[in-house]
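Topology and contacts: notes
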Amino acid sequence: RKHLVSLNAEEQITKQRRRYSVLVVDDSSIHRKNLNSALTLAGYSVATAENGFEALKKLRNKTYSLFCVDVVMPIMDGFEFAERLRKIPAHQETPLFFITSKTEDMERERAIQLRANEFFEKPVDIPTLMKTIDRYLGITEDDERNAVH
């Protein structure tokens, strides 16, 4: 009986996650694939871009619920992407997570200036990332929106 309850709670969480889209921006195909797989499996709608320029192009046709962005990328790095993102009215407050191997104080300070919400070091711990994404998007096990009345 308890197993059914926890499975149902997990189904409810997955159902809630389907309402949200995450854009993963990273020049490493391995990191993009790993995050894409984990987030998709969890129920999120996921899109990927290999640099900030490509990510901005995707924003012309769609808005996203949350961004997971690498810092060091060719063409347009994560900081420049974040700077431009924050100038778009629809994304001034959208949660932005940096996931990077550049974790010096200078990078953290820049991330704070750009109103990044979180700063994760690579390799990112997927369960921690997932819990943090859920928290920012307001996903909980006892979601009233899915309750049957």
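Up top is the structure.
So, here's what we can say about the structure. In this text, all values refer to a predicted model and were calculated from it rather than measured experimentally. (Residues numbered from 1 in each chain as written. Predicted model: local features only at pLDDT ≥ 70, side-chain atom pairs only at ≥ 80, totals over all residues. Heavy atoms only, no water.)

What follows is about the sheet that holds strand β1 (residues 21-25). If you trace the five strands from one edge of the open sheet to the other, you get β2-β1-β3-β4-β5, paired in parallel fashion. What marks the edges here is a single partner per strand, and that holds for β2 (45-49) and β5 (118-121). Neighbour to neighbour, the strand axes of the sheet diverge by 20° on average, direction disregarded. Taken together, the five bridges between β1 and β2 define a ladder with parallel strand orientation. Along β2, the bridge assignment pairs Val 25 with Ala 49. Each of β1, β2, β3 (66-69) and β4 (96-100) touches helix α2 (residues 29-42); the most contacted strand, β2, lies at about 170° to it. (Pairing = 2+ DSSP bridges. Helix = DSSP H or I, 4+ residues; strand = E, 2+ residues; numbered from the N terminus. Axes fitted to C-alpha atoms, helices over the stretch in contact; angles between N-to-C directions. Contact = heavy atoms within 4.5 Å.)

Time to look at the packing of aromatic side chains. Tallied over the entire structure, the rule returns six aromatic pairs. Among the aromatic residues, those joined into a cluster by ring pairs are Tyr 64, Phe 67 and Phe 81. (Phe/Tyr/Trp six-rings, centres within 6.5 Å; stacked < 30°, edge-to-face > 60°.)

Note: most residues except glycine have negative phi, and most peptide bonds are trans. Cis geometry is found at the peptide bond from Lys 122 to Pro 123, where omega equals -5°. Within the element layout of this structure, Pro 123 appears in the loop between β5 and α6 (126-137). Although it is not a glycine, Ile 75 adopts a positive phi angle of roughly 70°. By secondary structure assignment, the location of Ile 75 is in the loop between β3 and α4 (78-85). Here the phi dihedral of Arg 115 falls at roughly 60°; this positive angle occurs in a residue that is not glycine. You can see Arg 115 is positioned in the loop between α5 (105-113) and β5. Taking the relative accessible area as the measure of exposure, Arg 115 reaches 40% and is therefore partly exposed. (Buried < 20%, exposed > 50% of the residue type's maximum accessible area, 1.4 Å probe, protein only.)

Relative to the elements of secondary structure, Val 124 occurs in the loop between β5 and α6. Sequence separation between Val 124 and Ile 99 is 25 residues, and the spatial gap between their C-alpha atoms is 7.0 Å. Here Val 124 is in contact with Leu 35, Ile 99 and Leu 129, once residues within four sequence places are set aside.

All right, on to the pattern of salt bridges then. A full pass over the atoms with the stated rule returns six salt bridges. Close ionic contact of Lys 122 with Asp 26 constitutes a salt bridge, the shortest N to O distance being 2.9 Å. In this pair, Lys 122 is assigned in the loop between β5 and α6 and Asp 26 in the loop between β1 and α2, connecting sequence segments 96 residues apart. A relative accessible area of 4% places Asp 26 in the buried class. (Salt bridge = Lys/Arg side-chain N within 4 Å of Asp/Glu carboxyl O.)

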